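A look at the structure
Residue-level listing of the chains:
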Amino acid sequence: MIGDYNMKRIISIIICFILVISTFSLPVTASELDISNQIILSQTIESIGDGYYFVETIYIPEAQVYSNTKTGTKVAECISSGTTIFTLSVTGVFSYNGSTATATSASGSLATHVSNATINSRRAYTSGASACAFGSVSYNGATLQKTVTLTCDKNGNLS
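Residues numbered from 1 in each chain as written. Predicted model: local features only at pLDDT ≥ 70, side-chain atom pairs only at ≥ 80, totals over all residues. Heavy atoms only, no water.

Observations regarding the packing of aromatic side chains
Enumeration according to the criterion identifies two aromatic pairs in this entry. Look at Y52 and Y139: their rings are 6.4 Å apart centre to centre, the planes differ by 85 degrees, and that puts the pair in the edge-to-face class. Taken as a pair, Y52 in strand β2 (residues 52–61) and Y139 in strand β7 (residues 130–139) lie far apart in primary sequence, 87 residues in all. Classification of Y52 as buried rests on a relative accessible area of 12%. Residue classification places Y139 among the buried residues on the basis of a relative accessible area of 13%. Measuring from centroid to centroid gives 5.8 Å for F54 and F86, while their planes differ by 70 degrees, and the two rings are edge-to-face. Taken together, the residues F54 in strand β2 and F86 in strand β4 (residues 83–96) connect sequence positions 32 residues apart. (Phe/Tyr/Trp six-rings, centres within 6.5 Å; stacked < 30°, edge-to-face > 60°. Helix = DSSP H or I, 4+ residues; strand = E, 2+ residues; numbered from the N terminus. Buried < 20%, exposed > 50% of the residue type's maximum accessible area, 1.4 Å probe, protein only.)

Notes on the nonpolar core
Ranked by internal contacts, the top residues of the largest apolar core, which has 27 residues, are C78, I85, F86, F94, Y139 and L144. Top contributing element to this core by residue count: β4, with six residues. Beyond its immediate chain neighbours, meaning those up to four positions away, I85 contacts C78, S80, A111, T112, H113, V114, A117, Y139 and L144. (Core = buried A, V, L, I, M, F, W, Y, C linked by side-chain atoms within 4.5 Å. Contact = heavy atoms within 4.5 Å.)

Quick look at the pairing of strand β6 (residues 117–127)
Taken together, the 10 bridges between β6 and β7 define a ladder with antiparallel strand orientation. Paired with T118 across the strands is S138, a residue of β7. The hairpin formed by β6 and β7 contains two residues between the paired strands, and G128 there has a positive phi angle of roughly 65 degrees. (Pairing = 2+ DSSP bridges.)

Laid out in structure tokens, this is it:
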């Protein structure tokens, strides 16, 4: 029982360390993703196995004029062995009124950050109250695919 707790704690510390290091070495600039003057709303980590994981971050503008419109960007970094393989992002514009929410536009970007990674396909689209971007990248003989979904609820909260 104590061994499991210590192992979980060590893994958590290692993941935090990797996140700190990867933010200092992130090869994508804010202007490339258009996240300048934005703040981080949330950040999550998703392991996809074989040493690959995604760090997903939601950015919102520092200031938005009060209205029933909300803008946000969700960025997913695919990382393996401390190296960012590719970055997929979606920027969505949403309208909401307290009863419903709708995604009115979605734009996406996909960039590779290592020489042996190639883009297979990419697209951005809206679906109800979600702005989505899909990307497929070939890397070291594997095909890595990701869909990034940014959703707005009826009160203008992004997730």
